[in-house]
Amino acid sequence: MTAAATKPPAAAPAAGAAGDPRFAKCGFAKLLGDNGLEYYIKKYEVVMGRASKTPVDVVLGDSPVLSRQHARILYNFVAKQWELLVEGKNGVTLNGTLVTPASGPCVLQSQDLLQAGDHNFYFLLPKQTRKRAPNKPKPAPGEAQGPAAAAAVATPEQQPQQQSPTLGQPAVKQEQQQQLGQRSPVL
């Protein structure tokens, strides 16, 4: 594990999450491929490899071309991205390019195709959600919308006076200065 991929403390599961079947199909990312592979990544580091006594998160089969701990998918908190770190000497093919242990960590993006041993699978991230603007009340029928419409219906007395401030003085209306009997300070 790299220094950039240090894990934060694990959070306690939300109330009711343990018995809720909807949480079985939740995670940071998903591996989906042939041979029935469907794995939801729920940790910041996942180990993939061949079936053996050494525990792995994702079993890729028992092919002799796979190492017990063939590759890792981990989240890099510094770069804010998912990465593939290959540890097996036969490597992993990422979008048609062979990645070996000498390659170092490779950035993973959604819909990247990985091939390891006899398995072909995709790395999938959730769809990006757009932040919504807060709900604004709808104007009544016939009401103008927006500041431009409000300015268009304003009377000349309601129109703001626009004066450019002199250099070194704040933009304050001269009328207000005269009413208050103050001079604006020179900066």
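Refer to the preceding data block for the structure.
Residues numbered from 1 in each chain as written. Predicted model: local features only at pLDDT ≥ 70, side-chain atom pairs only at ≥ 80, totals over all residues. Heavy atoms only, no water.

Caption draft 1: Local environment of the overall build of the protein chain. Along the backbone of the protein chain there are 2 helices and 11 strands. For the protein chain, the α and β elements follow one another from N to C terminus as β-β-β-β-β-β-β-β-β-β-β-α-α. The burial tally for the protein chain puts 27% of its 187 residues in the buried class. The contacts in the protein chain between residues at least 6 apart in sequence include a share of 33% that link residues at least 24 apart. Of the accessible surface of the protein chain, which amounts to about 13,700 Å², a share of 54% is contributed by carbon and sulfur atoms. (Helix = DSSP H or I, 4+ residues; strand = E, 2+ residues; numbered from the N terminus. Buried < 20%, exposed > 50% of the residue type's maximum accessible area, 1.4 Å probe, protein only. Contact = heavy atoms within 4.5 Å. Areas by Shrake-Rupley, 256 points an atom, 1.4 Å probe, with all protein chains shown as cover.)

Caption draft 2: A look at the pattern of salt bridges. Tallying each qualifying case throughout the model produces 4 salt bridges. As a salt-bridge pair, arginine 72 and glutamate 45 come within 2.9 Å of each other at their nearest N and O atoms. With arginine 72 in strand β5 (residues 71-76) and glutamate 45 in strand β3 (residues 45-49), this residue pair connects regions lying 27 residues apart in the sequence. Judged on exposure class, the residue arginine 72 and its partner glutamate 45 are both buried. Two residues, arginine 72 and glutamate 87, come together in a salt bridge whose shortest N-O distance is 2.6 Å. Placement of arginine 72 in strand β5 and of glutamate 87 in the loop between β6 (81-86) and β7 (92-94) is noted, with a sequence separation of 15 residues between them. Relative accessible area serves as the criterion here: at 14%, arginine 72 is assigned to the buried category. Residue classification places glutamate 87 among the partly exposed positions, given a relative accessible area of 33%. One continuous salt-bridge network, built from bridges that share partners, spans Glu45, Arg72 and Glu87. (Salt bridge = Lys/Arg side-chain N within 4 Å of Asp/Glu carboxyl O.)

Caption draft 3: Summary view of the environment of valine 65. Mapped onto the secondary structure, valine 65 falls in the loop between β4 (58-59) and β5. Note: C-alpha distance between valine 65 and arginine 50 (15 residues apart in sequence) is 8.9 Å.

Caption draft 4: Region of the structure containing the packing of aromatic side chains. Applying the stated criterion across every chain, the model contains 6 aromatic pairs. Residues phenylalanine 28 and tryptophan 82 carry aromatic rings whose centres are separated by 6.2 Å and whose planes lie at 45° to one another, so their mutual orientation is tilted. In this pair, phenylalanine 28 is assigned in the segment before β1 (29-33) and tryptophan 82 in strand β6, connecting sequence segments 54 residues apart. Judged by relative accessible area, which is 35%, phenylalanine 28 ranks as partly exposed. Seen in terms of ring centroids, tyrosine 75 and tryptophan 82 are 5.2 Å apart; in terms of plane orientation they differ by 65°. Their pairing is edge-to-face. Ring pairs connect the aromatic residues Phe28, Tyr44, Tyr75, Phe77, Trp82 and Phe123, which therefore count as one cluster. (Phe/Tyr/Trp six-rings, centres within 6.5 Å; stacked < 30°, edge-to-face > 60°.)

Caption draft 5: Inspection of the sheet that holds β3 at higher detail. The strand order β4-β3-β5-β6-β9 describes an open sheet built from 5 strands, whose pairing is mixed. What marks the edges here is a single partner per strand, and that holds for β4 and β9 (106-108). Here β5 pairs with β6 via 6 bridges, running antiparallel. The residue bridging isoleucine 73 from the neighbouring strand is leucine 84, located in β6. (Pairing = 2+ DSSP bridges.)

Caption draft 6: View of the environment of leucine 113. Here leucine 113 is to be found in strand β10 (residues 112-116). Judged by its relative accessible area of 24%, leucine 113 falls in the partly exposed class. Each C-alpha atom of the pair leucine 113 and phenylalanine 123 lies 6.6 Å from the other, and the pair is 10 residues apart in sequence. In this structure leucine 113 touches Thr93, Leu94, Asn95, Asn120, Phe121 and Tyr122, once residues within four positions along its chain are discounted.

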